[in-house]
Amino acid sequence: MSLPPGGPDLASLSSLDDPVRRRLYEVVTRQAGPVGRDEAASAAGVGRALAVYHLDKLVESGLLTASYQRPGGRSGPGAGRPAKLYARAEREFAVNVPPREYELAARLLIQVVESDPSGRSGAALREAAHRLGTELGSRFRLDAARQDTARRDVESVLVQQGYEPSRGDDGVIRLRNCPFHRLAERHRDVVCGMNLALVEGLVAGLEANGWHPALDPRPGHCCVAIGGDRP
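Predicted model only: the values in this text are computed from it and were never measured. Along each chain, numbering runs from 1 in the same order as the chain's sequence is written. Restriction of local features to residues with pLDDT of at least 70 applies here, the model being predicted, together with a cutoff of 80 or more for giving and counting side-chain atom pairs; totals for whole chains, interfaces and linings are based on all residues. Values shown for side chains rest on all heavy atoms present in the structure; no hydrogens or waters enter the calculation.

Caption draft 1: Summary view of the side chain of T29. Along the chain, T29 turns up in helix α2 (residues 19–29). Looking at T29, its side chain comes within polar contact range of the main-chain oxygen of E26, at 3.3 Å. Whether two residues are in contact is decided by their heavy atoms, any of which lying within 4.5 Å being enough. If we skip the residues at most four places from it in the chain, T29 touches R88, E164 and R176. The way it works is that DSSP assigns letters per residue, a run of H or I at least four long becomes a helix, a run of E at least two long becomes a strand, and they are numbered from the N terminus. Distance and chemistry together define a polar contact, namely a pair of N or O atoms within 3.5 Å, with one atom able to donate a hydrogen and the other to accept it when in protein, and with adjacent residues in sequence counting only for side-chain atoms on both sides.

The following block contains the structure:
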């Protein structure tokens, strides 16, 4: 029997119904780099054997990838057995029942923007993105006087929108996930400009004036980074 459209993705995502497996998946995907079995088990609060079973099942389903690395980067005889490490798979999963083609519609609209030599369509798109971001940010707005709390709330709003923010030692918030990744790969200028306008709107809606979104594309990250005022 053939699977309906979205069937393989549905089968993969259904593995996250198990609470332990979902917790381990979240542990792995929250880390910037690969995660070992012991680290994942400890963070998820389960035994190592149980963690290994579920981590390998997540690899089988295509949600995680596995690699091997020797302890401490050592190599050669006596270096020890390579450790198995887990990371989020690059593959994207999407399930729509009944099937829908929202990305196709988005690609067509972007092509219209790109084909407008006047640039007015692009400007209208960025204005709309900024307006939507402001509306979303205003829902989470805090008292402007509570600036420290408002700054933390910037990250909360970004989490809500799927950006997976991570603040570095330099105080800059970088985004480990781009919600528009596949579109950005094909239409980088239009999508990254729209993305920046959306994040600027989120910050404006929060009245978090200490944060300054800017384009700063880096491998493995969204094109937007958000710098804060240094003390």
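Caption draft 2: Up close: the sheet that holds strand β2 (residues 64–69). Sheet architecture is open: 3 strands sit in the order β1-β3-β2, paired in antiparallel fashion. At either end of the open sheet lies a strand with only one pairing partner, and these are β1 (35–36) and β2. Comment: axis = line fitted to C-alpha atoms, over the contacting stretch for helices; angle = value between 0 and 180 degrees taken between N-to-C directions. Packing of α2 onto the sheet brings it into contact with β1, β2 and β3 (83–88), and relative to β3 it is tilted by some 90°. Note: two strands are recorded as paired if DSSP finds a minimum of 2 bridges between them.

Caption draft 3: Representation of the packing of helix α3 (residues 37–44) against helix α4 (residues 48–60) in the model. Two elements in contact, α3 and α4, have axes whose closest approach is 9 Å; the angle formed by their N-to-C orientations is 105°. As summarised for this structure, α3 and α4 are arranged roughly perpendicular, according to the angle between their axes. Contacts between α3 and α4 involve R37, D38, A40 and A41 from the first element and R48, A51, V52, L55 and D56 from the second. Classes in brief: Ala, Val, Leu, Ile, Met, Phe, Trp, Tyr, Cys and Pro nonpolar; Asp, Glu, Lys and Arg charged; the others, Gly included, polar. Class assignment of the residues belonging to the contact of α3 with α4 gives a composition of 5 nonpolar, no polar and 4 charged. Each angle gets one of four labels, with under 35 degrees taken as roughly parallel, over 145 as roughly antiparallel, 65 to 115 as roughly perpendicular, and the rest as oblique.

Caption draft 4: Summary view of the confidence of the model for the protein. Here pLDDT means the predictor's own confidence in every residue, given as a number from 0 to 100. Predicted confidence across the protein gives a mean pLDDT of 85, with 84% of residues reaching 70 or more. Note that pLDDT drops below 50 for residues 1–5; the model gives that stretch 2 contacts with residues more than four away or on any other chain.

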